[in-house]
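# Analysis of the macromolecular model
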Amino acid sequence: MDIRGFIETSFLDWDGKISSVIFLPHCNFKCPFCDNGLLVENPETLPEVKLEAIDNFINQRKDFIDGVVITGGEPTIHPWLTDLIKHFKAMDLLVKLDTNGTNPRVLSELLTPNSELIDYIAMDLKAPLNDKYYEATGLKTDLNKIKESIKIIMASGVDYEFRTTVVPTILDEAEIEEMAKSIAGAKKYALQQFVPDHTLDERLRVIAPHPKEKIEKMAALAKKYVPKTIVRGV
Ligand code: SF4
């Protein structure tokens, strides 16, 4: 296993829960707005975090920490992800998984009924499910896999959300509405504020995020299809 980042305690990465956050290296996307460039492109320059050190920290704060958030990078590209999740479940911890939805086969295995491996899953929806997706992810990707992941998650019975970073140069109001339509009936949709500080594509670092009012207007449009649409980071 290869872990390249650890936040000991977070109140932000899992709504309503206190979590420890575990960062896995590499990603199969190159989103221009990604703010984890080193983890995606040069993870070997980051210090490796030993699982034993994570266990020691969590075991000392078991009464305080509800669970772990496994994020990246893209966690599902690692063949040992299931073992890592089982490791934390054996410690009686809740597990949230963040994913970009490119691996429906892995999601299907993890979300098998009664497997009880995942307590919450957050899947990124980067753009409308058309050519715009390639612009938002920096690569030509198989959209059928993204659509399949959406279906698997919505049918899983596990608690979940879809989430979108609202990048001003990539998404407008009509596109947010189209995206909400593609996940109509979902339990939760989160529109997240764009943070330009460390984007993978340096050209985005000078782009101002949308004002709060504009993102709230987008959320109002999305609510027609996903009533529990929220905004984050505004
Ligand atoms: S934003 Fe997420 S999916 Fe996109 S490159 Fe970064 S880690 Fe990968």
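Since the model is a prediction, treat every value here as computed from it, not as a measurement. (Residues numbered from 1 in each chain as written. Predicted model: local features only at pLDDT ≥ 70, side-chain atom pairs only at ≥ 80, totals over all residues. Heavy atoms only, no water.)

Counting its regular elements, the protein contains eight helices and eight strands. By the compact-globule yardstick of 17 Å for 234 residues, the protein fits well, its C-alpha radius of gyration being 17 Å. Expressed as lengths along the three principal axes of its C-alpha atoms, the size of the protein is roughly 45 × 40 × 30 Å. Across the 234 residues in the protein, those meeting the buried criterion constitute 50%. For the protein, the share of sequence-separated contacts (at least 6 apart) that also reach a separation of at least 24 residues comes to 73%. Accessible area for the protein stands at about 11,000 Å²; split by element, carbon and sulfur atoms hold 49% of it. Taking the average place of the 29 positive charges on the side chains of the protein and the average place of its 36 negative ones, the gap between the two points comes to 4 Å. (Helix = DSSP H or I, 4+ residues; strand = E, 2+ residues; numbered from the N terminus. Rg over C-alpha atoms; globule rule 2.2 N^0.38 Å. Buried < 20%, exposed > 50% of the residue type's maximum accessible area, 1.4 Å probe, protein only. Contact = heavy atoms within 4.5 Å. Areas by Shrake-Rupley, 256 points an atom, 1.4 Å probe, with all protein chains shown as cover. Lys, Arg positive; Asp, Glu negative; His and termini not counted. Charge placed at Lys NZ, Arg CZ, Asp CG, Glu CD.)

Our next topic: the pattern of salt bridges. The full count for this structure, using the stated rule, is 18 salt bridges. In this structure, R105 engages E109 in a salt bridge whose closest nitrogen and oxygen atoms are separated by 2.9 Å. Linking R105 with E109, this pair stays in helix 4 (residues 104–110), spanning four residues, or about one helical turn. A salt bridge links K188 to E161, with the shortest nitrogen-to-oxygen separation between them at 3.8 Å. One end of the pair, K188, is in the loop between helix 7 (173–182) and strand 7 (189–193); the other, E161, is in strand 6 (residues 159–166), and 27 residues separate them in sequence. (Salt bridge = Lys/Arg side-chain N within 4 Å of Asp/Glu carboxyl O.)

All right, on to helix 6 (residues 143–155) then. For helix 6, which comprises 13 residues, the first-to-last C-alpha distance of 19 Å matches the rise-based estimate of 18 Å (1.5 Å per residue) to within 8%. For helix 6, the complete set of buried residues consists of L143, I146, S149, I150, I152 and I153. Next to the buried residues of helix 6 lie helix 4, strand 5 (120–124), helix 5 (132–137), strand 6 and helix 7. In the segment just after helix 6, G157 is the residue with positive phi, at about 85°. (Expected span 1.5 Å × (residues − 1).)

Before going further, it helps to examine the sheet that holds strand 4 (residues 94–99). Reading across from one edge, 1-2-3-4-5-6-7-8 is the order of the eight strands in this open sheet, with mixed pairing throughout. Of all the strands in the sheet, the pair left with one neighbour each is strand 1 (5–10) and strand 8 (229–232). Each neighbouring strand pair of the sheet contributes to a mean axis angle of 20°, computed without reference to strand direction. Taken together, the four bridges between strand 1 and strand 2 (residues 19–23) define a ladder with antiparallel strand orientation. Each residue of the ladder has a partner; that of F6, found in strand 2, is I22. (Pairing = 2+ DSSP bridges. Axes fitted to C-alpha atoms, helices over the stretch in contact; angles between N-to-C directions.)

This part is about the environment of Y133. Mapping Y133 onto the fold places it in helix 5. The exposure class assigned to Y133 is buried, which follows from its relative accessible area of 0%. When the C-alpha positions of Y133 and I170 are compared, they lie 9.6 Å apart, and in sequence the two are 37 residues distant. Look past the residues within four positions of Y133 in its chain and what remains in contact with it is F29, D124, L125, K126, A127, P128, T141, L143 and I146. Among the polar contacts made by the side chain of Y133, one reaches the main-chain amide nitrogen of K126 at a distance of 3.0 Å. (Polar contact = N/O pair within 3.5 Å; in protein donor to acceptor, adjacent residues only side chain to side chain.)

Moving on: the site of the ligand. Close to the ligand lie C27, F29, C31, C34, V40, G73, N100 and K126. The class makeup of the residues in the shell around the ligand is five nonpolar, two polar and one charged. (Near = heavy atom within 4 Å. Nonpolar A, V, L, I, M, F, W, Y, C, P; charged D, E, K, R; others polar.)

Moving on to a nonpolar patch on the surface. On the surface, a cluster of nonpolar side chains totalling about 380 Å² of accessible area is made up of F11, L12 and F64. With respect to the helices, strands and loops of the structure, F11 is situated in the loop between strand 1 and strand 2. Given a relative accessible area of 55%, F11 falls into the exposed group. (Patch = residues over 30% accessible without salt bridge, like charges linked within 9 Å, V, L, I, M, F, W, Y side chains within 5 Å.)

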